[in-house]
Amino acid sequence: MRAYERLLQYAKVYTTSDPESGTHPSTGRQFDLARLLVEEMKGMGIEDAAVDEHCYVYGTIPATPGCEGRPALGLIAHMDTAPAAPGEHVKPQVIENYDGGDVLLAGTGAYMRVAQFPELANWKGQTLITADGTTLLGADDKAGVAEIMTAVAYLAEHPEVPHGRIAVGFTPDEEIGEGAMLFDIPG
C-alpha cells in the first residue's frame, strides 16, 4: 500500500481531540486509529506493537544482524486532528494530474483559488488530496503517520536493508498541546 492510500484510510477515522475534556487521551475515539495502527504493525511483523491506556502506540523493529551497535532511530507522529474544524465523516478528494487551476471543494461548492493560494500552481501535474470542504482532511499529521507506516512496511518487505533498532511511536492530543505529556521516552 502506498503512503497516500494509507492517508486516505486514516483520514476517515474520526480522531479529533478535545481541549476541554481533562482526560488523556482527550477523546476515546483516538483509540480507533491507535488500534488500527497496532493491528497493521503486527501484520507487518512488529511483535511488540501495542497501545497503552493513554492511547500512545509503540512498536520496535529490531536491528538487522550486524547493525545492533548502530544508533536507534525514532519515528513519531500524532494521530489526533484539530478541534478547530469538523473531523468526522471526512470525504477525501483525490485529484490526479492536477491541471494547476482552482480546486473545487465538492462538498460545499467553494473553491481553493490559485489567486489566494498561489503555491497550488507548483503542483501542476501532481496528485492533490484535499477534503471536500465540509471537514478538515487531517493530513496534519495523518500524512506523517502514513509515511511512517509505509516506511515500516518497506523495511518489513525488504529485510536485506541494513538498519539499527527503529522505534515507532504515535501520540494522541498533539493538537491541544498534550501529545508529549505521557510519552514513554525511555521505552
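Residues numbered from 1 in each chain as written. Predicted model: local features only at pLDDT ≥ 70, side-chain atom pairs only at ≥ 80, totals over all residues. Heavy atoms only, no water.

Taken in spatial order, the four strands line up as S1-S2-S8-S3 in an open sheet, and their pairing is mixed. Only two strands of the sheet have a single partner each, and these edge strands are strand S1 (50-51) and strand S3 (73-78). Where strand S2 (residues 57-61) and strand S8 (residues 166-171) come together, five bridges link them in antiparallel fashion. Looking across to S8, one finds that Thr60 is bridged to Ala167. Helix H2 (residues 30-43) rests against S1, S2 and S8 of the sheet, and its axis sits at about 15 degrees to S2. Along the sheet, helix H3 (residues 139-157) makes contact with S2, S3 and S8, crossing S3 at roughly 145 degrees. (Pairing = 2+ DSSP bridges. Helix = DSSP H or I, 4+ residues; strand = E, 2+ residues; numbered from the N terminus. Contact = heavy atoms within 4.5 Å. Axes fitted to C-alpha atoms, helices over the stretch in contact; angles between N-to-C directions.)

Here the largest pocket defines a volume of roughly 270 Å³. When residues in the lining of the largest pocket are grouped by element, the largest group, three residues, is from strand S7 (residues 128-130). Looking at the lining of the largest pocket residue by residue, the class counts come to six nonpolar, three polar and one charged. (1 Å grid on protein atoms, 1.4 Å probe; cavity = no way out; pocket = protein on both sides within 12 Å on 5 of 7 lines; lining within 4 Å. Points joined across faces, edges and corners; volume = space filled by probe spheres on them. Nonpolar A, V, L, I, M, F, W, Y, C, P; charged D, E, K, R; others polar.)

Next up on the list: the pairing of S8. Of all the six residues making up S8, five are buried; the element is thus mostly covered by neighbouring parts of the structure. The pairing of S3 with S8 spans six bridges and is classified as parallel. Counted as the bridge partner of Ala77 is Phe170 from S8. (Buried < 20%, exposed > 50% of the residue type's maximum accessible area, 1.4 Å probe, protein only.)

Here the focus is the pairing of S2. Along a regular strand, successive side chains alternate from one face of the sheet to the other. Among the five residues of S2, five are classified as buried, and the element is accordingly described as predominantly covered. Sheet analysis places S1 next to S2, joined by two bridges and oriented antiparallel. The residue of S2 that forms the bridge with Ala50 is Tyr58. Here S1 folds back onto S2, and the loop between the two strands holds five residues, one of which, Cys55, carries a positive phi near 80 degrees.

All quantities given are derived from atomic positions and should not be read as evidence of function.
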